[in-house]
Amino acid sequence: MYKLAVIPGDGTGPEVVREGLKVLKAAAQKFKFEYTTKEFDFSGARFLKSGKLVDAQDIKELKKYAAIYLGAVGDPNVKPGIIETGVLLKLRFALDQYINLRPVKLYNSNFCPLKDKKPEDIDFVVVRENSEGLYKGMGEFKDKGTKEEVAIQTSYNTRKGVERCIRYAFEYTRKRDKRKKLTLCGKTNVLTFAWDLWERVFYEVAKEYPDITTDYAHVDATTMWFVKNPEWFDVIVTDNMFGDIITDLGAMIQGGMGIAAGGNINPEGVSMFEPIGGSAPKYTGKNVINPLAAICAAGMMLENLGEAKAGKAVEDAVIKVASQKLTSLAAGKMGYSTTEVGDLVVENI
Ligand code: IPM
Ligand code: MN
């Protein structure tokens, strides 16, 4: 019996989570596993009403769950940064979800903005460090508001933090068992402290994985290869900031935010699964948002819980629906409503 925490959140979050839960139910019936869900109302909307963000008590409570399923948090009426740090990053950090796993997989060539790229050309996974780097929030102002002002933002990288991320990436590449190639994406030519550490640890750990081919690409070049030769990649490991940036580009080459899902993983604790697209306020309540990203996130959650067959069935159903039914993956252009797309996936489970 899996105890699942569900955070529908803001904007279109509740709409896509509803479809994800529908698919979860169908998968549970077919693959004979049981689960319970408990809803948590962490959101921009709750913050506006009560001023409440995620606190230590909430974290303590969430630690009792097998996994967390998140829609999206973010309200246009809240100043940027508050919900991000007070809810999303708070959950990632406090639950020590030190990996952000973001698969980039093209399901249908029609949805790819790149010319002549086929599903077999775009199939890689980004392992983004999820607990350190520039996201640590370290820095300071000097002489704020004056002409002499200096703003410093520090990238914080610990040996332990870098090593656990790189180890996870090597293990993941081995287990994925595709091209067995792991690319370190960094900036060794300019960021000579952080990437010196990353590079040293990468090649040191690599010695324990002789079956894995290693490669290195600067982050700027990586964005170029994503467009020019995405087929070169199998698994990419990178820091928090670079991972954030390259996975938005990754989402676009796999067909857009409507299909991109990710997992915030604590391999020893509670992980959280989410569509990576955000709360899309302008589409809220219109039944037009694409739920496939949230459904894929539910599939990733199943895989992570140990229900690999169910996870695979969800992904296969999404592939069928995306390639045989939808006219587009974009909100309002799918040829079906949000709820209809959810139903189509259920029919294919
Ligand atoms: C993401 C988002 C978040 C991030 C924001 C909302 C804090 O862009 O999940 O990629 O920067 O990690
Ligand atoms: Mn992002």
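Residues numbered from 1 in each chain as written. Chains lettered and ligands numbered in written order. Predicted model: local features only at pLDDT ≥ 70, side-chain atom pairs only at ≥ 80, totals over all residues. Heavy atoms only, no water.

Caption draft 1: Broad picture of helix α5 (residues 159-176). If you check α5, its first and last C-alpha atoms are 25 Å apart, about what 18 residues at 1.5 Å a residue would give, namely 26 Å. Burial in α5 covers these residues: Gly161, Val162, Cys165, Ile166, Tyr168, Ala169, Phe170, Thr173 and Arg176. Of the residues trailing α5, aspartate 177 is marked for its positive phi of about 55 degrees. (Helix = DSSP H or I, 4+ residues; strand = E, 2+ residues; numbered from the N terminus. Expected span 1.5 Å × (residues − 1). Buried < 20%, exposed > 50% of the residue type's maximum accessible area, 1.4 Å probe, protein only.)

Caption draft 2: Representation of the sheet that holds strand β4 (residues 99-105) within the structure. The strand order across the open sheet built from ten strands is β2-β1-β3-β12-β11-β4-β5-β10-β8-β9, with neighbouring strands paired in mixed fashion. Here the strands that pair on one side only, and so sit at the sheet edges, are β2 (35-39) and β9 (213-218). Direction aside, the axes of adjacent strands within the sheet are offset by 20 degrees on average. The pairing of strand β3 (residues 67-72) with strand β12 (residues 271-275) spans three bridges and is classified as parallel. For tyrosine 69, the partnering residue across the bridge sits in β12 and is phenylalanine 273. (Pairing = 2+ DSSP bridges. Axes fitted to C-alpha atoms, helices over the stretch in contact; angles between N-to-C directions.)

Caption draft 3: View of the site of ligand 1. Taken together, Glu84, Leu88, Arg92, Arg102, Arg128, Tyr135 and Asp244 make up the full set of residues adjacent to ligand 1. Arginine 128 places a polar side-chain atom, nitrogen or oxygen, 2.8 Å from an oxygen atom of ligand 1. Contact distances for ligand 1 include 2.6 Å between an oxygen atom and a side-chain N or O atom of tyrosine 135. Across the complex, the protein chains shield 74% of the 320 Å² of accessible surface that ligand 1 would expose by itself. The site holding ligand 1 turns out to be the second largest pocket. Among the elements that take part in the shell around ligand 1, helix α4 (residues 82-94) stands out by supplying three residues, more than any other. Residues that form the shell around ligand 1 fall into these classes: two nonpolar, no polar and five charged. Looking at which domains feed residues into the shell around ligand 1, each of domain 1 (1-98 + 257-349) and domain 2 (123-253) supplies at least three. (Near = heavy atom within 4 Å. Polar contact = N/O pair within 3.5 Å; in protein donor to acceptor, adjacent residues only side chain to side chain. Areas by Shrake-Rupley, 256 points an atom, 1.4 Å probe, with all protein chains shown as cover. 1 Å grid on protein atoms, 1.4 Å probe; cavity = no way out; pocket = protein on both sides within 12 Å on 5 of 7 lines; lining within 4 Å. Sits in = over half its atoms within 2 Å of the grid points. Nonpolar A, V, L, I, M, F, W, Y, C, P; charged D, E, K, R; others polar. Domains from an automatic or database assignment.)

Caption draft 4: Seen up close, the layout of surface pockets. For the largest pocket, the calculated volume is near 970 Å³. In this structure, the largest pocket is lined by 33 residues; those nearest its centre are Leu101, Pro103, Tyr172, Met300 and Glu303. Contributions of two or more residues to the lining of the largest pocket are made by β4, β5 (123-129), α5, β11 (261-265), β12, α9 (292-305) and α10 (308-324). The element best represented in the lining of the largest pocket is α9, accounting for six residues. Built from parts of two domains, the lining of the largest pocket gets at least three residues from each of domain 1 (1-98 + 257-349) and domain 2 (123-253). Estimated volume of the second largest pocket: approximately 410 Å³. Together, 21 residues line the second largest pocket, and Glu84, Leu88, Arg92, Glu274 and Ile276 are the ones closest to its centre. Listed by contribution, the elements that provide at least two residues to the lining of the second largest pocket are β3, α4, α8 (240-253) and β12. When residues in the lining of the second largest pocket are grouped by element, the largest group, five residues, is from α4. Of the residues in the lining of the second largest pocket, the class split is nine nonpolar, five polar and seven charged. (Points joined across faces, edges and corners; volume = space filled by probe spheres on them.)

Caption draft 5: Local environment of the packing of α10 against helix α11 (residues 338-347). Axis separation between α10 and α11 bottoms out at 8 Å; the angle between their running directions is 125 degrees. Here α11 runs oblique to α10, going by the angle between their axes. The two elements α10 and α11 cross, and the hand of that crossing is right-handed. Facing α10, whose interface residues are Ala317, Val318 and Val321, α11 presents Val341, Leu344 and Val345. Tallied by class, residues from the contact of α10 with α11 come to six nonpolar, no polar and no charged. (Parallel < 35°, antiparallel > 145°, perpendicular 65-115°, else oblique. Left-handed = near helix turned anticlockwise from the far one by under 90°. Contact = heavy atoms within 4.5 Å.)

Caption draft 6: Layout of the domain arrangement of the chain. When cut into domains, the chain gives domain 1 (1-98 + 257-349) and domain 2 (123-253). On a C-alpha basis, the centroid separation for the pair domain 1 and domain 2 is 25 Å. Together domain 1 and domain 2 conceal approximately 1100 Å² of surface at their shared face, both sides included; 57% is due to carbon and sulfur atoms. When the buried area of domain 1 at its contact with domain 2 is split by residue, Phe93, Tyr98 and Met257 rank highest and sum to 54% of it. Our enumeration of links across domain 1 and domain 2 arrives at one salt bridge. (Buried area = accessible area lost by both parts, 1.4 Å probe. Salt bridge = Lys/Arg side-chain N within 4 Å of Asp/Glu carboxyl O.)

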